[in-house]
Amino acid sequence: MKLTGGCHCRAIRYEVEGEPLTHALCHCSDCRRHSGAPMVGWTMYPHEAIKITKGAPKTYESSQHGRRQFCPDCGTGLFYSNASVLPGLIDVQSATYDEPNAVPVRIHIQVAERISWMEHAHELTKYDRYPPIE
């Protein structure tokens, strides 16, 4: 499998080749704060599976061993690595794929840190676009 993706402003483009080791929805506070979202989707690959084809992401040391890479222009989060906990592996923020449906999500992780209202978020009323104005 070969996927392409990039940041919102298209200054950073990448390719990833091979089957992901997993696709997880992470609920940890670091992911939430970095993304501004209640959870973040990550696909995990061997580090050599990723090739940056345009631009250069900026690296942020988000913890003692954690490194987050993002676009320095638009701020889109792209990659995460942690040589201590996940040696030789890299996570790709799955919503940045050109075809984000290409890899089905498999697991939830870090649910000990999940925002409590996220547990039942799938039960909320749904609209294809916006709710009607009353």
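Attention in this report is confined to the structure presented alongside it. Values in this document were obtained by computation on a predicted structure and should not be read as measured data.

One finds Val16, Tyr45, Phe79, Val92 and Tyr97 to be the most contacted residues of the largest nonpolar core, which totals 15 residues. Of all the secondary structure elements, the ones that give two or more residues to this core are β2 (13-17), β8 (77-82) and β9 (89-93). Sequence-distant contacts of Phe79, defined by excluding residues within four places in its chain, comprise Tyr14, Trp42, Ile50, Ile52, Pro57, Arg67, Arg68, Gln69, Ile90, Asp91 and Val92. By size, the runner-up hydrophobic cluster in this structure holds six residues, among which are Cys26, Cys28, Cys31 and Val40.

Moving on: the sheet that holds strand β1 (residues 2-6). An order of β1-β2-β5 is seen for the three strands of this open sheet, with the pairing classed as antiparallel. If you trace the sheet from one side to the other, it starts and ends with β1 and β5 (50-54), each paired once. Ignoring which end each strand starts from, the neighbouring axes of this sheet average 25 degrees apart. Relative to β5, β2 runs antiparallel, the two being bridged by four bridges. Bridge assignment links Arg13 to a residue of β5, and that residue is Lys54.

Another point: the pattern of salt bridges. Pairing between side chains of opposite charge can happen when their charged atoms approach one another. Summed over the entire model, instances satisfying the criterion amount to three salt bridges. The closest approach of N and O atoms between Asp98 and Arg13, which form a salt bridge, is 2.6 Å. Residue Asp98 is found in the loop between β9 and β10 (107-109), and its partner Arg13 is found in strand β2; the two are separated by 85 residues along the sequence.

Parameters and conventions
Residues numbered from 1 in each chain as written. Predicted model: local features only at pLDDT ≥ 70, side-chain atom pairs only at ≥ 80, totals over all residues. Heavy atoms only, no water. Core = buried A, V, L, I, M, F, W, Y, C linked by side-chain atoms within 4.5 Å. Buried < 20%, exposed > 50% of the residue type's maximum accessible area, 1.4 Å probe, protein only. Helix = DSSP H or I, 4+ residues; strand = E, 2+ residues; numbered from the N terminus. Contact = heavy atoms within 4.5 Å. Pairing = 2+ DSSP bridges. Axes fitted to C-alpha atoms, helices over the stretch in contact; angles between N-to-C directions. Salt bridge = Lys/Arg side-chain N within 4 Å of Asp/Glu carboxyl O.

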